[in-house]
Amino acid sequence: MIRRTLLALTAATAFAMPAFAQEKDIVDTAVAAGSFNTLAAALTAAGLVETLKGEGPFTVFAPTDAAFAALPAGTVEDLLQPENKDKLVAILTYHVVPGKVMSTDLMEGMKAASVNGAEITITLDGGPRVNGAVISAADVAASNGVIHVIDSVLLPK
């Protein structure tokens, strides 16, 4: 009886784990990671939280808190001001590509249109990068897409 119960519990856990692993959308996955607090605050200020909680799929090149901290002093605070919402939206949507692009899909010199309309460029020589920003963790799965962690904030031209 104990063996049968243990076997049933193990089977139930095995089947539940894949669903649980991808229950969270991109925003909730980033927040749960704990190193994207500035990104979460910026998404809120820009009014983009609900969009990135939407159906997707989205590919997000997500700058860490350290990436935002590396910007010149006062930049983040300035961008979070209501009068700079359009500029903030342009920067944040430059980090998003429509569709689910996994690391295995990336190719040297690959160009992709970001949600804000400007192109980003992927390079692989010396490790994967997007517009020069190092992709430090790739293929973080979410229910509505994928996150690739980057070490700097991408600024559109």
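Residues numbered from 1 in each chain as written. Predicted model: local features only at pLDDT ≥ 70, side-chain atom pairs only at ≥ 80, totals over all residues. Heavy atoms only, no water.

A.B. asks: How would you summarise the pairing of strand β1 (residues 58–63) if you had to cite specific residues and measurements?
C.D. replies: Among the six residues that make up β1, six are buried, leaving the element largely enclosed by the rest of the structure. Every second residue of β1 is oriented toward a common face, with Phe-58, Val-60 and Ala-62 on one face and Thr-59, Phe-61 and Pro-63 on the other, all of them buried. The pairing of β1 with strand β2 (residues 96–98) spans three bridges and is antiparallel. Counterpart to Val-60 in the pairing with β2 is Val-96. Relative to strand β7 (residues 145–150), β1 runs parallel, the two sharing six bridges. (Buried < 20%, exposed > 50% of the residue type's maximum accessible area, 1.4 Å probe, protein only. Helix = DSSP H or I, 4+ residues; strand = E, 2+ residues; numbered from the N terminus. Pairing = 2+ DSSP bridges.)

A.B. asks: Explain the environment of Ala-30 to me, using residue names and the numbers behind them.
C.D. replies: For Ala-30, the position within the fold is in helix α2 (residues 26–33). Between the C-alpha atom of Ala-30 and that of Thr-64, which follows or precedes it by 34 residues, the distance is 9.5 Å. Those residues in contact with Ala-30, other than ones at most four positions away along the chain, are Phe-36 and Ile-147. (Contact = heavy atoms within 4.5 Å.)

A.B. asks: Can you lay out unusual backbone geometry for me, pointing to particular residues and giving the numbers?
C.D. replies: Backbone geometry follows two general trends: most residues other than glycine have a negative phi, and most peptide bonds adopt the trans configuration. Put simply, Gly-56 and Pro-57 share a cis peptide bond, and its omega is 5°. Its place among the elements puts Pro-57 in the loop between α4 (49–52) and β1. Residues other than glycine seldom take positive phi values, yet Asn-131 does so here, at roughly 50°. As for its placement among the helices and strands, Asn-131 is situated in the loop between β5 (129–130) and β6 (133–142). Here the phi dihedral of Asp-139 falls at roughly 60°; this positive angle occurs in a residue that is not glycine. According to the relative accessible area criterion, Asp-139 is partly exposed, its value standing at 28%.

A.B. asks: Tell me about helix α7 (residues 85–93), and name the residues and values.
C.D. replies: Of all the positions in α7, only Leu-88, Ile-91, Leu-92 and Thr-93 are classed as buried. Contacts from the buried residues of α7 go to α3 (37–46), α6 (75–79) and β2.

A.B. asks: Explain the pattern of salt bridges to me, using residue names and the numbers behind them.
C.D. replies: Oppositely charged side chains are able to pair whenever their charged atoms sit close together. The tally for this structure, following the rule as stated, stands at two salt bridges. One salt bridge connects Lys-53 with Asp-28, and the closest N-O pair in it is separated by 2.9 Å. Linking Lys-53 in the loop between α4 and β1 with Asp-28 in helix α2, this pair joins segments that are 25 residues apart in sequence. Via salt bridges that share partners, Asp-25, Asp-28 and Lys-53 belong to a single interconnected network. (Salt bridge = Lys/Arg side-chain N within 4 Å of Asp/Glu carboxyl O.)

A.B. asks: I'd love a proper account of the side chain of Thr-59, names of residues and values included.
C.D. replies: Positionally, Thr-59 belongs in strand β1. Residue Thr-59 is classed as buried on the basis of its relative accessible area of 0%. At 2.7 Å, the side chain of Thr-59 and the backbone oxygen of Gly-99 are in polar contact. Beyond its immediate stretch of four places on either side in the chain, Thr-59 contacts His-95, Val-96, Val-97, Gly-99, Lys-100, Val-101, Val-146 and His-148. (Polar contact = N/O pair within 3.5 Å; in protein donor to acceptor, adjacent residues only side chain to side chain.)

A.B. asks: How would you summarise the nonpolar core if you had to cite specific residues and measurements?
C.D. replies: Leu-39, Leu-43, Leu-52, Val-60 and Leu-92 are the most contacted members of the largest nonpolar core, which totals 27 residues. Counting residues per element, the ones that place at least two in this core are α2, α3, α4, β1, α5 (65–69), α6, α7 and β7. Residue contributions to this core peak at four residues, all from α3. Ignoring any residue separated from it by four or fewer positions in sequence, one finds Leu-43 in contact with Leu-48, Val-49, Leu-52 and Leu-92. Counting 13 residues, the second largest nonpolar core, distinct from the first, contains Val-97, Ile-120, Val-130 and Ile-150. (Core = buried A, V, L, I, M, F, W, Y, C linked by side-chain atoms within 4.5 Å.)

A.B. asks: Explain α2 to me, and be specific about the residues and the numbers.
C.D. replies: Among the residues of α2, Ile-26, Val-27, Thr-29 and Ala-30 are the ones counted as buried. Along α2, the residues classed as buried sweep out an arc of 165° about the axis, all on the same side. For α2, the capping residue at the N-terminal end is Asp-25, with a side-chain oxygen 3.0 Å from the backbone nitrogen of Val-27. Remark: Gly-34 follows α2 within two positions and exhibits a positive phi of approximately 85°. (Arc of directions from axis to C-beta.)

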